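# Residue-level structure breakdown
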Amino acid sequence: MDNILIVSNTSTTMGIISDLLRSESFERIITSQNASEARRYITENEFDLIIIDTPLPDEMGDDFARHASEVTNAGIILMVDSDKIYEISAYVEEYGVFTLPKPLSPEFFYQAVKLLTASLKRVMRLENENVKLQKKIEEIRVVNRAKLILIQVLKMTENQAQHYIEKQSMDLRQSRLVTAENILRTYES
């Protein structure tokens, strides 16, 4: 986790949070004192973690948290006065925003950041696995279309078509996907 955005209207809070994060080897920390500036930052940069200390001078901060969750993949921590925690938590939790009550101890904040970063790492692994599976599914679709073309045009059996694609791939030292795409270009045009 490299890029962190801290949004708070008090420089004292920003300093405390920045120091806590730097002590845990978080290097690139950007700060903002209002939601409109923070909105601009999230359109220009990618953040791994966004920490919002409410209230902000131009809005409460919960709307910004929801917006950030919709336009970024960042983990979001929203720090809220303890008397408003249940109301605001209910408003933002469906967006995956992690809400913490203020005041909070450095230890509790640290644990919350660690929990959120561990969850984000797990989600990123699942997303990467999902991308790999999507690519594999697409390859299977293209290869199956190419086999169907070989069956229809060259009157091969399914096994013959499969063997032909695999042999062409080995002989030409290319993937089955490239071979299948070449077959489709040849016979579909």
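Each chain has its residues counted from 1, following the order in which its sequence is written. Local features in this predicted model are restricted to residues whose pLDDT is 70 or higher, and side-chain atom pairs enter the listing and the counts only when it is 80 or higher, whereas totals over whole chains, interfaces and linings include all residues. Hydrogens are left out, water is left out, and the side-chain values use all remaining heavy atoms of the structure.

## Structural notes on the environment of L154
Applied cut-off: Secondary structure follows DSSP: runs of H or I at least 4 residues long count as helices, runs of E at least 2 residues long count as strands, and numbering of each begins at the N terminus. With a 1.4 Å probe rolled over the protein chains alone, any residue whose accessible area is under 20% of its type maximum counts as buried; one over 50% counts as exposed, and the rest are partly exposed. Contact criterion: two residues are considered in contact whenever any of their non-hydrogen atoms come within 4.5 Å of each other.
Checked against the element boundaries, L154 lands in the loop between α5 (106–153) and α6 (158–172). For L154, a relative accessible area of 38% gives the class partly exposed. Sequence-wise, L154 and Y187 are 33 residues apart; in three dimensions their C-alpha atoms are separated by 9.9 Å. Not counting residues up to four positions away in its chain, the partners in contact with L154 are I149 and Y187.

## Details of helix α4 (residues 85–92)
The cut-off we apply is this: To obtain the arc, one takes the directions from the helix axis to the C-beta atoms.
Of the positions making up α4, those classed as buried are I85, I88, S89 and V92. Angularly, the buried residues of α4 cover 105° about the axis, an arc narrow enough to put them on a single face. Opposite the buried face of α4, by more than 90 degrees, sit the exposed residues Y86 and E87. For α4, the secondary structure elements touched by its buried residues are α3 (62–71), β4 (75–81) and β5 (97–102).

## Focus on the sheet that holds strand β3 (residues 49–53)
Operational definition: The pairing criterion for strands is at least two bridges between them, as found by DSSP. Angles here are taken between N-to-C directions and fall from 0 to 180 degrees, while the axes themselves are lines fitted to C-alpha atoms, restricted in helices to the stretch in contact.
Read from one edge to the other, the open sheet built from five strands follows the order β2-β1-β3-β4-β5, with strand pairing classed as parallel. Of all strands in the sheet, those bounded by a partner on one side alone are β2 (28–32) and β5. Direction aside, the axes of adjacent strands within the sheet are offset by 20° on average. Direction of pairing for β4 relative to β5: parallel, over a ladder of six bridges. Bridge pairing in β5 links M79 to L100. The strands that α3 touches are β1 (3–7), β3, β4 and β5; relative to β4, the one it contacts most, it runs at about 170°. Seen against the sheet, α5 touches β3, β4 and β5 and runs at an angle of roughly 150° to β4.

## A few points about the packing of α6 against helix α7 (residues 176–188)
This is how the line gets drawn: Note that the term roughly parallel is reserved for angles under 35 degrees, roughly antiparallel for angles over 145, roughly perpendicular for angles of 65 to 115, and oblique for everything else. For any pair of crossing helices, the crossing counts as left-handed if the nearer helix is rotated counterclockwise from the farther one by less than a right angle, and right-handed if it is rotated clockwise. When residues are sorted by character, Ala, Val, Leu, Ile, Met, Phe, Trp, Tyr, Cys and Pro go into the nonpolar class, Asp, Glu, Lys and Arg into the charged class, and all the rest, Gly among them, into the polar class.
With their axes 9 Å apart at the nearest point, α6 and α7 run at an angle of 115° to one another. The angle between α6 and α7 falls in the class roughly perpendicular. You can see that α6 and α7 cross each other, and the crossing is right-handed. Residues Q162, Y164, I165, E166, Q168 and S169 of α6 lie in contact with α7, whose contacting residues are R176, T179 and I183. The class makeup of the residues in the contact of α6 with α7 is three nonpolar, four polar and two charged.

## Considerations on the layout of surface pockets
Note the following rule: Note on definitions: the grid is 1 Å and covers protein atoms alone; a cavity is a set of points where a 1.4 Å probe fits but cannot get out; a pocket is an open set with protein on both sides within 12 Å along at least five of seven lines; lining residues have an atom within 4 Å of a point. Grid points are joined across faces, edges and corners, and a volume is the space filled by probe spheres set on the points.
Its boundaries defined by the atoms lining it, the largest pocket holds a volume of some 530 Å³. Around the largest pocket, the lining comprises 23 residues; the ones closest to its centre are D48, N73, A74, G75 and L120. Mapped by element, the contributors of at least two residues to the lining of the largest pocket are α3, β4 and α5. Counting residues per element, the lining of the largest pocket draws most heavily on α5, at seven residues. A class-by-class count of the residues in the lining of the largest pocket yields 11 nonpolar, eight polar and four charged. Along its surface, the second largest pocket is lined by 13 residues, and T13, I16, I17, M79 and L104 are the ones closest to its centre. Contributions of two or more residues to the lining of the second largest pocket are made by α1 (11–22) and α5. Of all the elements, α1 adds the most residues to the lining of the second largest pocket, at five residues. Looking at side-chain class alone, the lining of the second largest pocket contains eight nonpolar, three polar and two charged residues.

## Examining the nonpolar core
So the rule is basically this: For the purposes of this section, nonpolar cores are sets of buried Ala, Val, Leu, Ile, Met, Phe, Trp, Tyr and Cys residues that join through side-chain atoms within 4.5 Å.
Formed by 22 residues in total, the largest nonpolar core has its most connected members in L5, F47, I50, I52, F64 and L78. If you list the elements that add at least two residues to this core, you get β1, α2 (35–44), β3, α3, β4 and α4. The element best represented in this core is α2, accounting for four residues. When neighbours within four sequence positions are excluded, F47 is seen to be in contact with N3, I4, L5, I30, Y41, I42 and A74. Counting 17 residues, the second-largest nonpolar core is a separate cluster that includes M14, L21, L49 and A112.

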